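Chain by chain, the residues:
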Amino acid sequence: MDGQVEKILELTAQMIRNRAYTAHGANANAELAAEYLSKNGLAVEIIENNGHKMVISKLGSGSGVLILNGHLDVVEGREEQYEPYVEGDRFFGRGTYDMLASCAVMLVLMTELAKNPPHIRVCLTLSTTEETDGEACTGYMLDHGVTGDFGICGEPTNLAVSVMSKGVFRFRSNIRGHAAHSSRPWQGENALLKAVDIYRKIEQLPFAKRSNAYFEQASVNLSRLSGGTVMNQVPEDAEMVIDIRYLPGEDTNAMLQEIQALDQDMKLDLMLCKPAVVIEEDDVLLNCLTDAVAEASNRDCVRIGQHGAADTMFFQEHGIPSVEFGPCGYGHHGPQEYVEISSLPIYMNCIKGMIRKMEALPND
């Protein structure tokens, strides 16, 4: 396994240096991945949507299909993060944890599987837009024929299996107040303060306070607030953007109505609405994965919920059960991002164990 870990780190380092926060850099990672697979004897397809490249590679035979999904793009980081380095068990660099190392594991695993193809089909799908617009790549691949029985998205989870994630409900609102001279604020209605008051009321709405087994409540964030034109005037207009991550089971139309009811004069503009993701706890293939994780890691597999959204939402839209599952690390989207090197072979063995368990399932 030492040689495989070395190859995983080498591939990850190459992808980090491509600075994949740009479309050019992410596409360079797609070309790198395709070239690596091709050189190791795998059939590879590169497809493109609006300038964004995707990689698809398939192997194996049989009726079961496992989809391995990763994204080759990263968020922008500090310049020094694009020169990776090792410190103890930690491999530092932009995207190591989210999720270039996961992609590298999947690439190396595919080359190993090619030597002795499994009796299920494994389909590797690599996106270049998850951080900005997952629909442009993973959504596109699923819309254009990629399908399977179960999906693993290699997002960072510290070897836990995410069986639920919050949905996205983001809106812009315009709030009207009443202008007055700054020396007499009581003669006006400050639109900025009114916006903050509405935000605080949203935090207390029923959908924002509900909980379940994985989440204490929804996430409600005031992402942007602006207003006012001159310094000596009570602001007459304000605009705010609120980003809500809601729990599975919520009716987003009802959410919108509840928010509008707080101020009928407030103008609402829905910017983004994406579904929450949930997989049935007794799903046979989910249990295969959690058993494989327990065996490979020598500990009970932990099931978690993710506060953020991922490309699992597109699998759910196509009726494909999927989870987020990735290696250990820390600091994704932060200045000290790293992946734990020792977790990478464990992560690979978890997926290999999942494949073996799928092979052992009775055919329908």
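No experiment lies behind these values; they were computed from the predicted model shown.

Visitor: In this structure, what is going on with the overall build of the chain? I would like to understand it.
Guide: Helix and strand counts for the chain stand at eleven helices and 17 strands. On C-alpha atoms alone, the chain measures out to a radius of gyration of 23 Å, which is about the 21 Å that the 2.2 N^0.38 rule sets for 364 residues. Principal-axis analysis of the C-alpha atoms places the extent of the chain at approximately 80 × 45 × 40 Å. Burial statistics for the chain: of 364 residues in total, 51% are counted as buried. A sequence separation of at least 24 residues applies to 78% of the contacts in the chain between residues at least 6 apart.

Visitor: Can you help me understand the sheet that holds strand E10 (residues 219–227) in this one?
Guide: Here we have four strands laid out as an open sheet, ordered E10-E11-E9-E12, and antiparallel in their pairing. For this open sheet the edge positions go to E10 and strand E12 (267–274), each flanked by a neighbour on one side alone. Each strand of the sheet is rotated relative to its neighbour by a mean of 15 degrees, with strand direction disregarded. One ladder, built from eight bridges, connects E10 with strand E11 (residues 237–246); its direction is antiparallel. What sits directly across from leucine 225, in E11, is methionine 240.

Visitor: Explanation requested: helix H3 (residues 96–115) in the structure shown.
Guide: Every α-helix carries 3.6 residues per turn, so stepping three or four residues along brings you back to the same face. The end-to-end C-alpha separation of H3 is 27 Å, in line with the 28 Å expected for 20 residues at 1.5 Å each. Burial runs high along H3: 17 of the 20 residues are buried.

Visitor: Can you help me understand the pattern of salt bridges in this one?
Guide: Should the charged atoms of two oppositely charged side chains come close, the side chains can pair. This structure, assessed with the given rule, holds 21 salt bridges. Taking the shortest distance from any N to any O, the salt bridge between arginine 172 and aspartate 269 comes out at 2.7 Å. With arginine 172 in strand E9 (residues 167–176) and aspartate 269 in strand E12, the pair connects residues that are 97 residues apart, well separated along the chain. Exposure remark for arginine 172: the relative accessible area of 22% places this residue in the partly exposed category. Taking the relative accessible area as the measure of exposure, aspartate 269 reaches 35% and is therefore partly exposed. A salt bridge links arginine 176 to aspartate 237; the nearest nitrogen and oxygen atoms lie 2.7 Å apart. One end of the pair, arginine 176, is in strand E9; the other, aspartate 237, is in strand E11, with 61 residues separating them in the sequence.

Visitor: When you look at the sheet that holds strand E17 (residues 338–340) in this model, what are you seeing that I'm missing?
Guide: The strands that make up a sheet are held in pairs by hydrogen bonds between backbone atoms, and each pair lies either parallel or antiparallel. The strand order across the open sheet formed by four strands is E4-E5-E17-E16, and the pairing between neighbours is antiparallel. In this open sheet, the two edge strands, each paired with only one partner strand, are strand E4 (85–87) and strand E16 (329–330). Strand direction decides the pairing type here: E4 and strand E5 (residues 90–92), joined by three bridges, are antiparallel. Each bridged residue has a counterpart across the sheet, and for glutamate 87 the counterpart in E5 is arginine 90.

Visitor: Whenever I open this one, the environment of glycine 51 confuses me. Can you help?
Guide: As for its position among the elements, glycine 51 is in the loop between strand E1 (44–49) and strand E2 (52–60). Judged by relative accessible area, glycine 51 falls into the partly exposed class, the value being 34%. The spatial distance from the C-alpha of glycine 51 to the C-alpha of asparagine 27 is 8.6 Å, given a sequence separation of 24 residues.

Visitor: Help me out: how do you make sense of the nonpolar core in this one?
Guide: Proteins that are soluble and globular tend to have nonpolar side chains buried together. Within the largest apolar cluster, 66 residues are counted, with the highest numbers of intra-cluster contacts made by Phe150, Ile152, Phe325 and Met354. The dominant element in this core, judged by the number of residues it contributes, is H3, at twelve residues. Dropping the residues within four chain positions of it, isoleucine 152 is found in contact with Leu66, Ile67, Leu68, Asn69, Met106, Leu289, Val323, Phe325, Tyr347 and Met354.

Visitor: Just checking my understanding: could you explain the state of the cysteines for this structure?
Guide: All chains considered together, the criterion is met by zero disulfides. As a non-bridged cysteine, cysteine 153 has cysteine 103 as the owner of its nearest cysteine sulfur, 10 Å distant. Between cysteine 273, a cysteine without a disulfide, and cysteine 153, which holds the nearest cysteine sulfur, the sulfur-to-sulfur distance is 20 Å. Residue classification places cysteine 273 among the partly exposed positions, given a relative accessible area of 33%.

Visitor: Hey, could you run me through the environment of threonine 138 in this one?
Guide: Inspection of the secondary structure assignment puts threonine 138 in helix H5 (residues 138–143). Apart from the residues lying within four places of it in its own chain, the contact partners of threonine 138 are Asn69, Ser127, Asp311, Phe314 and Phe315.

Visitor: Please explain helix H2 (residues 23–39) as it appears in this structure.
Guide: An ideal rise of 1.5 Å per residue puts 24 Å on 17 residues; H2 measures up with 24 Å between its terminal C-alpha atoms. Of all the residues in H2, the buried ones are Gly25, Ala26, Asn27, Asn29, Ala30, Leu32, Ala33, Ala34, Tyr36 and Leu37. Check the buried side of H2 and you find it contacts helix H1 (2–17), E1, E2, H3 and strand E6 (121–127). Count one or two residues on from H2 and you reach glycine 41, which has phi positive near 85 degrees.

Visitor: Got a minute to help me understand the packing of H2 against H3 in this structure?
Guide: Two quantities define a packed helix pair, namely the angle between the helix axes and the distance between the axes. Interaxial distance between H2 and H3 falls to 10 Å at its minimum, and their mutual angle equals 20 degrees. Accordingly, the angle class assigned to the pair H2 and H3 is roughly parallel. As H2 packs across H3, the resulting crossing turns out to be right-handed. Of the residues in H3, those in contact with Asn29, Ala33, Tyr36 and Leu37 of H2 are Leu100, Leu107, Val108, Met110 and Thr111. Of the residues belonging to the contact of H2 with H3, the class tally is seven nonpolar, two polar and no charged.

Criteria and cut-off values
Starting from 1, residues in each chain are numbered consecutively following that chain's sequence as written. It should be noted that, the model being predicted, local features are given only for residues of pLDDT at least 70 and side-chain atom pairs only at 80 or more, the latter also being counted only at that level, while totals for whole chains, interfaces and linings use all residues. Values reported for side chains reflect all heavy atoms of the structure, with hydrogen atoms and water molecules removed beforehand. Here a strand is any run of E in DSSP of at least two residues, a helix any run of H or I of at least four, and the numbering for each starts at the N terminus. The atom set for the radius of gyration is the C-alpha atoms, and the globule formula is 2.2 Å times the number of residues raised to the power 0.38. Using a 1.4 Å probe on the protein chains alone, a residue whose accessible area is under 20% of its type maximum counts as buried, one over 50% counts as exposed, and one in between counts as partly exposed. The contact rule is simple, with two residues in contact once any of their heavy atoms fall within 4.5 Å. In this description, strands pair whenever DSSP reports at least two bridges between them. The convention used is that axes are lines fitted to C-alpha atoms, helices contributing only their stretch in contact, and that angles between N-to-C directions extend from 0 to 180 degrees. Working rule for helices: expected span equals 1.5 Å times residues minus one. Salt bridges, as used here, are contacts in which a Lys or Arg side-chain nitrogen is within 4 Å of a carboxyl oxygen on Asp or Glu. Throughout, nonpolar core names a set of buried Ala, Val, Leu, Ile, Met, Phe, Trp, Tyr and Cys residues whose side chains join them through atoms within 4.5 Å. When two cysteine sulfur atoms lie within 2.5 Å, the pair is treated as a disulfide. Convention used here: angles under 35 degrees read as roughly parallel, angles over 145 as roughly antiparallel, angles from 65 to 115 as roughly perpendicular, and any remaining angle as oblique. Crossing chirality is assigned from the near helix's rotation relative to the far helix, an anticlockwise turn below a right angle marking it left-handed and a clockwise turn marking it right-handed. Residues were grouped as follows: Ala, Val, Leu, Ile, Met, Phe, Trp, Tyr, Cys and Pro as nonpolar; Asp, Glu, Lys and Arg as charged; and all remaining residues, including Gly, as polar.

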